[in-house]
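Observations on the model geometry
Letter by letter, the chains look like this.
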Amino acid sequence: MKKRKTLYGLLAGVSILFILYALAKNFVFDPAAEGFLSHKTGLKRELNLPVWLNVMYVHVAFACIAMASGLLNFSKRFFEKSRKLHRINGYVYIVSVLLVVLTSGYMAPYATGGKISSIGFNLLNMVWPLITITALIQIKKKRMIRHRNWMIRSYAFCFTNLLIHLITSLFHQGFGLVYATSYTIGLYGSMVLLLVIPYILIRKIGPSREIANPPRMM
Ligand code: HEM
């Protein structure tokens, strides 16, 4: 019980800090994404900057909504207060995920690192909604633990951008690789971590007694 509370506290801290960072960076400090776009060299297709930027704003806004709504739905207190709100918030999360991948679909062909990065993003565009819909199907079948586990797998994808930038910085600033190559490594490295971290987490927390034997509903 204490382990889970600590884990939730940690998750909440990281998620809230990252949401604030993403909002501040992309809407206040660098709204033209100059820093990020300066690394885009040798693009195969011409980038329509105003459209790309607007798509990116929608992308970041819904990514932050997905992070916040997902975090809220992992709260036991919130779940116990109102299952109805948990359900509504769950649909907010799903719609946000779909909008993040839709906008990602527009940006993927222009991805930093070229075709190989575009392929990676398009893989993510398919895998993330699939995992999220699986979580929904599980709860429709009243399988609580499986629903929770698939939601943990889905929520991990909210950290895609954070992981990409952490790994990119390590390879670019740490090992001196060119930015575009570091970014591609960051993308594929984060894809591996996004599958491995939830796997370890799910094994560590195991089934909860309360949700393994939920109280009978009228
Ligand atoms: C949920 C948390 C996420 C946040 C906060 C986020 C944020 C951002 C931001 C700020 C950018 C602009 C470039 C940068 O500064 O990195 C971006 C680009 C992009 N994101 Fe996301 N993103 C998230 C998740 C995802 C996911 C899960 C996918 C794929 C399914 C994705 C696909 C893309 C693509 C394709 C680009 C363009 C990359 C490029 O031009 O090189 N993002 N994202």
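Keep in mind the model is a prediction, meaning the values are calculated, not measured.

1. A few points about the overall build of the chain
Regarding its fold elements, the chain presents ten helices and zero strands. Tracing the chain from N to C terminus, the helices and strands come up as α-α-α-α-α-α-α-α-α-α. At 18 Å, the chain has a C-alpha radius of gyration in line with the 17 Å of a compact globule built from 218 residues. For the chain, the spread of C-alpha atoms along the three principal axes comes to 60 × 35 × 30 Å. Taking all 218 residues of the chain together, 28% fall into the buried category.

2. Side note on the site of the ligand
Close to the ligand lie 26 residues; Ala-63, Ser-104, Thr-112, Leu-124 and Asn-161 are nearest. Put simply, the parts of the chain that give the shell around the ligand at least two residues each are α1 (2-29), α3 (49-73), α5 (83-107), α6 (115-140) and α8 (160-174). Of all the elements, α3 adds the most residues to the shell around the ligand, at six residues.

3. A look at the environment of Leu-177
Counting through the fold element by element, Leu-177 comes out in the loop between α8 and α9 (179-205). Look at Leu-177 and you get partly exposed, because 16 C-beta atoms sit within 10 Å. The contact partners of Leu-177, leaving out residues within four places of it in the chain, are Phe-171, His-172 and Ser-182.

4. Observations regarding the environment of Met-191
Topologically, Met-191 is positioned in helix α9. Filtering out sequence-adjacent residues up to four positions away, Met-191 remains in contact with Gly-120 and Leu-124.

5. Looking at helix α7 (residues 144-156)
Relative to the 18 Å expected for 13 residues at 1.5 Å per residue, α7 spans 18 Å between its end C-alpha atoms, a close match to the ideal helical length. Burial of α7 is extensive: ten of the 13 residues sit out of reach of the surface. Among the residues of α7, His-147, Arg-148, Asn-149, Trp-150, Met-151, Ile-152, Arg-153, Ser-154, Tyr-155 and Ala-156 are the ones counted as buried.

6. Comments concerning the packing of α1 against α3
α3 packs onto α1 with a crossing angle of 165° between their chain directions and a minimal axis gap of 10 Å. It follows that α1 is roughly antiparallel to α3 by the angle criterion. When the axes of α1 and α3 are compared, the crossing they make is left-handed. Note on element contacts: α3 touches α1 through Val-60, Ala-63, Cys-64, Met-67, Ala-68 and Leu-71, opposite Leu-11, Ala-12, Ser-15, Phe-18, Ile-19, Ala-22, Leu-23 and Asn-26. Across the contact of α1 with α3, the residue classes break down as twelve nonpolar, two polar and no charged.

7. Re the nonpolar core
Formed by 26 residues in total, the largest nonpolar core has its most connected members in Ala-63, Ala-66, Met-67, Val-97, Val-100, Trp-128 and Cys-158. Considering every element that reaches this core, the biggest residue donor is α3, with seven residues. With near-sequence residues (within four places) excluded, Cys-158 lies in contact with Ala-63, Ala-66, Met-67 and Gly-70. By size, the runner-up hydrophobic cluster in this structure holds eight residues, among which are Ile-164, Ile-167, Tyr-179 and Leu-187.

8. Examining the UniProt feature "transmembrane region" (unreviewed entry) in the chain
Within this structure's numbering, the places UniProt gives as "transmembrane region" (unreviewed entry) are residues 7-29, 49-69, 90-107, 119-139, 151-171 and 177-202. Between the C-alpha atoms that bound residues 7-29 there is a distance of 31 Å. The span itself is 100% helix and 0% strand.

9. With respect to the environment of Phe-121
Examined against the element boundaries, Phe-121 turns out to sit in helix α6. The spatial distance from the C-alpha of Phe-121 to the C-alpha of Gly-186 is 12 Å, given a sequence separation of 65 residues.

10. Thoughts on the packing of α3 against α5
Following both chains from N to C, one finds α3 and α5 inclined at 150°, their axes separated by 8 Å at the closest point. Here α3 lies roughly antiparallel to α5, going by the angle between them. Seen from above, α3 lies across α5 with left-handed handedness. Within the contact of α3 with α5, the residues separate by chemical class into 16 nonpolar, ten polar and no charged.

Conventions we followed
Residues numbered from 1 in each chain as written. Predicted model: local features only at pLDDT ≥ 70, side-chain atom pairs only at ≥ 80, totals over all residues. Helix = DSSP H or I, 4+ residues; strand = E, 2+ residues; numbered from the N terminus. Rg over C-alpha atoms; globule rule 2.2 N^0.38 Å. Buried ≥ 20, exposed ≤ 12 C-beta atoms within 10 Å, placed from the backbone. Near = placed C-beta within 6 Å. Contact = placed C-beta atoms within 7 Å. Expected span 1.5 Å × (residues − 1). Axes fitted to C-alpha atoms, helices over the stretch in contact; angles between N-to-C directions. Parallel < 35°, antiparallel > 145°, perpendicular 65-115°, else oblique. Left-handed = near helix turned anticlockwise from the far one by under 90°. Nonpolar A, V, L, I, M, F, W, Y, C, P; charged D, E, K, R; others polar. Core = buried A, V, L, I, M, F, W, Y, C linked by C-beta atoms within 7 Å. UniProt positions renumbered as here; feature names shortened; annotations may be inferred.

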